[in-house]
Amino acid sequence: MSRKILIGTRVRERRLLKGLKQAELANLVGISGSYLNLIEHNRRRIGGKLLADLARTLEVEQSLLSDGVEAGLIADLRDAVEDQPANADRAEELAGRFPRWAKVIVSQKARIAELEQRVAALSDRVSHDPFLSESLHEILSTVTAIHSTASILVDPEQMNATWRKRFSDNLFSDSERLASAGKALAKYLDSDKASDFEAFSPHDELDRAIQSVGGHFEELETGRFGPEGVAKSVLQSVSPSALALGLTYLDRYRKDAQALPMDVLVPLYQRVGCNPARIGEETGVSLPIVLRRLASLPADITGGHVGVITCDGTGTLLHKLPPEGFSVPRVGAACSLWPLFGALLQPLVPLHRVLGASLRAGGSGADGTANLFDAYTICEPIGQPKFNETPTYEATMLLVRRTDGRGVSDVLNVGPACRLCPVTDCAARRERSVLAMGFDSDPLNRV
Amino acid sequence: MTKHILLIEDEPNIIEAITFILLRKGIKVDAHSNGASALETVKSTNPDAVILDVMLPNRSGFDILQDIREDTDFAEIPVMMLTARGQTKDRERAMELGATAYMTKPFSNSDVIEAITALLEGA
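Throughout this description, residue numbers start from 1 for each chain and increase along the sequence as written. By the order in which they are written, chains take letters starting at A while ligands take numbers starting at 1. Side-chain atom pairs in this predicted model are given and counted only at pLDDT of 80 or more, local residue features only at pLDDT of at least 70, and totals for whole chains, interfaces and linings cover all residues.

Draft legend 1. Structural view of the overall build of chain B. A count of helical and extended segments in chain B gives five helices and five strands. Counting helices and strands in the order they occur from the N terminus, chain B gives β-α-β-α-β-α-β-α-β-α. Our exposure labels follow a C-beta count within 10 Å of each residue's own C-beta, placed from the backbone: buried means 20 or more other C-beta atoms, exposed means 12 or fewer, and partly exposed covers the counts in between. Taking all 123 residues of chain B together, the buried fraction comes to 45%. In chain B, of all internal contacts separated by at least 6 residues, the share reaching a separation of at least 24 is 57%. Each helix is a run of DSSP H or I of at least 4 residues and each strand a run of E of at least 2, with the numbering of both proceeding from the N terminus. Distance between backbone-placed C-beta atoms decides contact: two residues are in contact if it is within 7 Å.

Draft legend 2. Looking closely at the overall build of chain A. When its secondary structure is counted, chain A shows 20 helices and six strands. When burial is assessed residue by residue, chain A has 35% of its 447 residues classed as buried.

Draft legend 3. Quick look at the packing of helix α16 (residues 262-272) of chain A against helix α17 (residues 276-283) of chain A. Residue and element names in this part refer to chain A. For helices, the axis comes from a line fit to the C-alpha atoms of the stretch in contact; other axes are also lines fit to C-alpha atoms, and the angle between any two N-to-C directions lies between 0 and 180 degrees. Two elements in contact, α16 and α17, have axes separated by 10 Å at closest approach and are oriented at 130 degrees. By the angle class used here, α16 and α17 are oblique. Note that α16 runs across α17; the crossing there is right-handed. Listed contacts from α17 to V264, L268 and V272 of α16 are R278, I279, E282 and T283. Classifying every residue of the contact of α16 with α17 gives four nonpolar, one polar and two charged. Any angle from 65 to 115 degrees is called roughly perpendicular, while one under 35 is roughly parallel, one over 145 is roughly antiparallel, and all others are oblique. When the near helix sits turned anticlockwise from the far one by under a right angle, the crossing is termed left-handed; a clockwise turn instead gives a right-handed crossing. Three categories are distinguished: nonpolar for Ala, Val, Leu, Ile, Met, Phe, Trp, Tyr, Cys and Pro, charged for Asp, Glu, Lys and Arg, and polar for the others, with Gly belonging to the last.

Draft legend 4. Representation of the sheet that holds strand β4 (residues 79-83) of chain B in the model. All names here are of chain B. Judged by pairing direction, the sheet is parallel, and its five strands sit side by side in the order β2-β1-β3-β4-β5 without closing on themselves. Both outer strands of the open sheet, β2 (27-32) and β5 (101-104), are each paired with one neighbouring strand and no more. Adjacent strand axes in the sheet meet at a mean angle of 20 degrees, parallel and antiparallel pairs treated alike. By this definition, two strands are paired if DSSP reports at least two bridges between them. Taken together, the four bridges between strand β3 (residues 49-53) and β4 define a ladder with parallel strand orientation. Residue L52 lies in a different strand from β4, and its bridge partner there is M81. Of the strands in this sheet, β1 (3-8) and β2 are in contact with helix α1 (residues 12-24), which crosses β2 at around 165 degrees.

Draft legend 5. View of the interface of chain A and chain B. Contacts between chain A and chain B engage 25 residues on the former and 26 residues on the latter. Going through the elements one at a time, α10 (130-154) and α11 (161-195) of chain A are the ones with two or more residues in the side of chain A that touches chain B. Top element by residues in the side of chain A that touches chain B is α10 of chain A. It accounts for twelve residues. Residue composition of the side of chain A that touches chain B, grouped by class: eight nonpolar, 15 polar and two charged.

Draft legend 6. Here's a closer look at α1 of chain B. All names here are of chain B. Expected span, for any helix, means 1.5 Å times one less than how many residues it has. Compared with the 18 Å implied by 1.5 Å per residue over 13 residues, the 18 Å span of α1 between its first and last C-alpha is a close match. Along α1, the residues that are buried comprise N13, I14, I15, A17, I18, I21 and L22. Following α1 by one or two positions, G26 adopts a phi angle in the positive range, close to 80 degrees.

Draft legend 7. Local environment of the sheet that holds strand β1 (residues 306-312) of chain A. Residue and element names in this part refer to chain A. The six strands lie next to each other as β2-β1-β5-β4-β3-β6, forming an open sheet whose pairing is mixed. The outermost strands of the open sheet, each flanked by one partner alone, are β2 (317-321) and β6 (411-414). Across the sheet, the mean angle separating the axes of adjacent strands is 30 degrees when strand polarity is ignored. Here β1 pairs with β2 via three bridges, running antiparallel. When the sheet's bridge partners are listed, I309 is paired in β2 with K320.

Draft legend 8. Structural detail: the nonpolar core. Working definition: the nonpolar core is a set of buried Ala, Val, Leu, Ile, Met, Phe, Trp, Tyr and Cys residues, joined through C-beta atoms within 7 Å. The biggest cluster of nonpolar side chains holds 56 residues, and the ones touching the most others in it are L291, V308, I309, F373, M397, L398 and L399 of chain A. Domain start and end points were adopted from an automatic or database domain assignment. Two domains each put at least three residues into this core: domain 3 (200-259) and domain 4 (262-416) of chain A. M397 of chain A has contacts with V308, I309, W338, P339, L340, A375 and T377 of chain A, leaving out every residue within four places of it along the chain. One finds L39, V54, M81 and A84 of chain B within the second-largest nonpolar core, a separate group that totals 41 residues.

Draft legend 9. A look at the environment of A179 of chain A. All names here are of chain A. Tracing the backbone shows A179 in helix α11. For A179, a count of 15 C-beta atoms within 10 Å corresponds to the partly exposed category. Between the alpha carbons of A179 and T142 there is a distance of 9.9 Å; along the sequence they are 37 residues apart.

Draft legend 10. Seen up close, the pairing of β4 of chain B. Residues and elements named next belong to chain B. Of all five residues that make up β4, five are buried, and the element is covered over most of its length. Across the two faces of β4 the burial is the same, with V79, M81 and T83 and M80 and L82 all buried. The path from the first strand over the helix to the second decides the hand: if it runs clockwise while the strands point away from the viewer, the crossover is right-handed. Handedness of the β3-helix α3 (residues 61-70)-β4 crossover: right-handed. Of the pairings in the sheet, the one linking β4 to β5 comprises four bridges and is parallel in character. Looking across to β5, one finds that M80 is bridged to A101.

Draft legend 11. Fine view of the pairing of β1 of chain B. Residue and element names in this part refer to chain B. Here six bridges tie β1 to β2, and the two strands are oriented parallel to one another. Opposite I8, over in β2, you have H32 as the bridge partner. Considered for its hand, the β-α-β crossover made up of β1, α1 and β2 is right-handed. Two strands pair when backbone bridges link them, and β1 and β3 are joined in this way by four bridges, in the parallel orientation.

Draft legend 12. Structural context of the confidence of the model for chain B. Confidence scores here are pLDDT values: one per residue, from the predictor, ranging 0 to 100. Overall, the prediction assigns chain B a mean pLDDT of 88, with 96% of residues at 70 or greater. Model confidence for the complex is summarised by a pTM of 0.49, with the ipTM given as 0.84.

Draft legend 13. Quick look at the confidence of the model for chain A. Residue and element names in this part refer to chain A. When pLDDT is averaged across chain A, the result is 80; 82% of the residues are at 70 or more. Scored below 50 in pLDDT, residues 1-5 shows three contacts in the model against residues more than four places distant or in partner chains. Below a pLDDT of 50 lies the segment residues 436-442, which in the model reaches twelve contacts outside its immediate sequence neighbourhood of four places, other chains included.

Draft legend 14. Spotlight on unusual backbone geometry. Residue and element names in this part refer to chain B. In this structure, the amide linkage connecting K105 to the following residue, P106, adopts the cis form with an omega of 0 degrees. Position of P106 among the secondary structure elements: in the loop between β5 and α5 (109-122). Even without a glycine there, the phi angle at N46 is positive, about 50 degrees. You can call N46 exposed: it has 12 C-beta atoms within 10 Å.

Draft legend 15. Here's a closer look at the environment of L140 of chain A. When you line up the elements, L140 of chain A lands in helix α10. By C-beta crowding, L140 of chain A is classed as buried, having 20 other C-beta atoms within 10 Å. With 38 residues separating them in the primary sequence, L140 of chain A and L178 of chain A have C-alpha atoms 8.9 Å apart. With residues near it in sequence (within four places) discarded, L140 of chain A still touches A84, K105 and P106 of chain B.

Right, here's the structure in full:
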């Protein structure tokens with residue numbers, strides 16, 4: 001369709017928007033009503049002075065009549081005022097008369113949407129970050145205890161000296177606990193802010209990339225791309241060290257996927273559940289591969305309740321990809337009670353324990369449900385054994401969150417790491433906690 | 001007749017404070033601080049009402065509330081939930097599971113006394 005043909009239609013639309021009759025507009029620009037009628041029905045071409053006169057009289061830019069308004073801008077503007085239908089009807093008029101302002105509105109709307117998404121993401125994080133949730137609970141519970149105790153102490157009602165001493169002691173210990181929990185939270189938030197922009201190690205970088213696809217690489221599953229092809233899209237912005245680790249990780253993922261393809265694993269998982277031993281028996285695939293494959297199931301199948309953590313023979317954590325609710329230290333050593341480390345002492349012996357995982361050992365999770373996990377662990381030598389060479393080992397711990405804690409009796413309570421764990425009578429404690437034992441309290445009360 | 005409350009809460013100093021203020025009001029308090037065997041304690045103490053924390057070791061307060069409501073002997077017992085989080089979804093979940101009342105930490109002693117009195121009057 002000719003560009004010129006549409007000019008008449010635009011003139012007609014603008015005239016109607018201004019509430020002018022055909023004869024009135026014709027009179028204002030010095031032409032006959034019948035000629036304007038022919039123009040508006042695209043039966044006469046116009047340009048030059050007449051086009052300029054019409055644009056001036058209709059109070060629009062000449063280019064609007066000749067070129068029209070970009071359809072995309074009108075659509076964006078309508079979207080921007082979608083909650084105000086009355087204004088949406090006039091989007092074209094605004095875009096036509098004030099195209100630059102229209103673009104400002106559209107870009108502001110896009111910015112608002114982006115900021116809203118960030119707020120939602122941060123809010124979601126506060127709700128689901130186990131450390132924040134537990135810390136908040138710790139702080140509010142301590143505040144409650146202090147408030148109740150202080151109210152009792154200031155109550156004019158008689159209280160014997162023993163009770164008064166007891167409540168005074170409680171008040172003191174709770175105030176110390178509150179100060180410690182507050183400091184720990186502030187410290188965590190500070191380090192967390194920094195880590196939004198930089199990962200602590202190449203493994204952290206790689207883990208973030210793996211988590212960005214939910215631990216599941218569809219292109220490797222289907223064979224559409226090899227490790228290099230997947231790395232180009234998923235690992236394009238990581239450091240060279242993380243990329244090197246990633247290529248090794250993706251190569252093993254591909255081999256694991258060939259050994260136990262999804263079309264075999266998914267029906268089995270749906271039939272027998274997250275049962276590594278049964279899946280290993282039925283497929284003849286080794287347990288380490290079964291554990292890794294279960295961890296790579298898509299979240300829409302597992303409900304996001306499955307994760308995996310690995311470490312090398314020194315106990316250094318390699319991949320930290322836990323399910324929601326299982327806290328893992330960002331830096332430093334983890335809780336030595338994790339079966340992951342016990343497995344290093346018994347290579348090739350599969351271990352199964354139910355873990356009560358929380359900052360308060362065995363406590364409840366961020367959503368209030370019991371924080372129990374089935375931990376399936378095995379330690380295996382890496383690579384082919386070589387004569388007269390001590391193999392290096394890697395342990396894998398598959399974690400499956402239990403949605404129901406009923407019927408569980410033998411629970412191994414673990415924490416994320418000593419500094420984040422308030423349990424006082426733990427034989428495995430290697431350093432003081434910042435939560436319950438007092439961040440700055442000195443065992444010898446030195447000033 | 002002396003009224004009797006079971007307090008299921010894992011903060012020892014909260015237990016001590018609530019026990020003290022309710023005792024002053026002539027209400028007997030039993031305390032239980034672990035989620036694992038809470039229902040058994042409800043059965044053995046047979047209280048007039050239960051104060052139940054949401055976040056407990058080994059078992060969440062929501063699961064315990066569900067157990068209580070599924071037990072025909074205690075399906076109607078008044079239960080007030082305590083939590084450190086006042087999120088709407090938690091309140092809704094507690095009420096859906098059959099909580100009688102809901103109190104968010106931090107609360108004052110007078111809040112507790114008022115709520116427990118109302119709970120016992122309705123029992």
